[in-house]
Amino acid sequence: KANWYWLGDQLLQRETSLLTDWRYPLGNWQLKSALTLRSQDNALNNELDLMQAEFQFGAGYGTPSYSLQAALVVATDSAARADYQARDTLGLNLNGQYLLDLTSSLYCNLMVRDYQFQAEFPAENAFAAGQTRDEQMTQISFGYGRTLQSWLTLYAQVSYIGYQSN
């Protein structure tokens, strides 16, 4: 997969990723794992260039009326020019969906992340020189989906994102 981001006629960033996944069904259960390798090339600031490896392992349970999924996420970045931008990530994803009828469903998602950055900010940084970042993020969403046509579904969703950083 490749994404290119532009602002007007100026290229800002290129992202390239490779995803491989494995699924193993066990009746109503399914074990899953995924490995993603991602490259981020920022055209304006080489200090934002990163390589990332992410591994997810999880399980899901489903019936005709509901499904539940959980996954553990582990990732690490590599930065050629600026180690203070690279981070190690540990996370958890929890998802659930309940079918109300053939055309509507309720869902909820919880995503928790702990980010440990790999190096201190450089001495030239006016706001955080010598500090190593440590961040936590929590995102929770509740929603309702209604399928109007096979190609059109409307969603109503409420989300909360909490982010803490030193």
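**Q** Quick one: what's the story with the overall build of the chain, residue by residue and with numbers?
**A** A count of helices and strands for the chain gives zero helices and nine strands. Overall, the chain shows an N-to-C arrangement of helices and strands of β-β-β-β-β-β-β-β-β. Taken over the C-alpha trace, the chain has a radius of gyration of 20 Å; the compact-globule value for 166 residues is 15 Å, which it surpasses by more than 25%. Seen along its three principal axes, the alpha-carbon backbone of the chain occupies a region of about 60 × 35 × 30 Å.

**Q** Go over the layout of surface pockets with me, naming the residues and quoting the values.
**A** Considering only enclosed or pocket space, the largest pocket measures out at about 230 Å³ in volume. Around the largest pocket sit 15 residues that line it, and Lys 32, Ala 34, Gln 56, Gly 58 and Ala 71 are the ones nearest its centre. Secondary-structure elements contributing two or more residues to the lining of the largest pocket are β2 (10-26), β3 (29-42), β4 (50-62), β5 (66-78) and β6 (87-99). Looking at the lining of the largest pocket element by element, the count peaks at four residues for β4. Split into classes, the residues belonging to the lining of the largest pocket amount to six nonpolar, six polar and three charged. If you add up the space inside the second largest pocket, you get close to 170 Å³. Lining the second largest pocket, in full, are Glu 15, Arg 38, Ser 39, Gln 40, Leu 50, Met 51, Gln 52, Asp 77, Gln 85, Arg 87 and Phe 117. For the lining of the second largest pocket, the secondary structure elements donating two or more residues are β3 and β4.

Parameters at a glance
- Residues numbered from 1 in each chain as written.
- Predicted model: local features only at pLDDT ≥ 70, side-chain atom pairs only at ≥ 80, totals over all residues.
- Heavy atoms only, no water.
- Helix = DSSP H or I, 4+ residues; strand = E, 2+ residues; numbered from the N terminus.
- Rg over C-alpha atoms; globule rule 2.2 N^0.38 Å.
- 1 Å grid on protein atoms, 1.4 Å probe; cavity = no way out; pocket = protein on both sides within 12 Å on 5 of 7 lines; lining within 4 Å.
- Points joined across faces, edges and corners; volume = space filled by probe spheres on them.
- Nonpolar A, V, L, I, M, F, W, Y, C, P; charged D, E, K, R; others polar.

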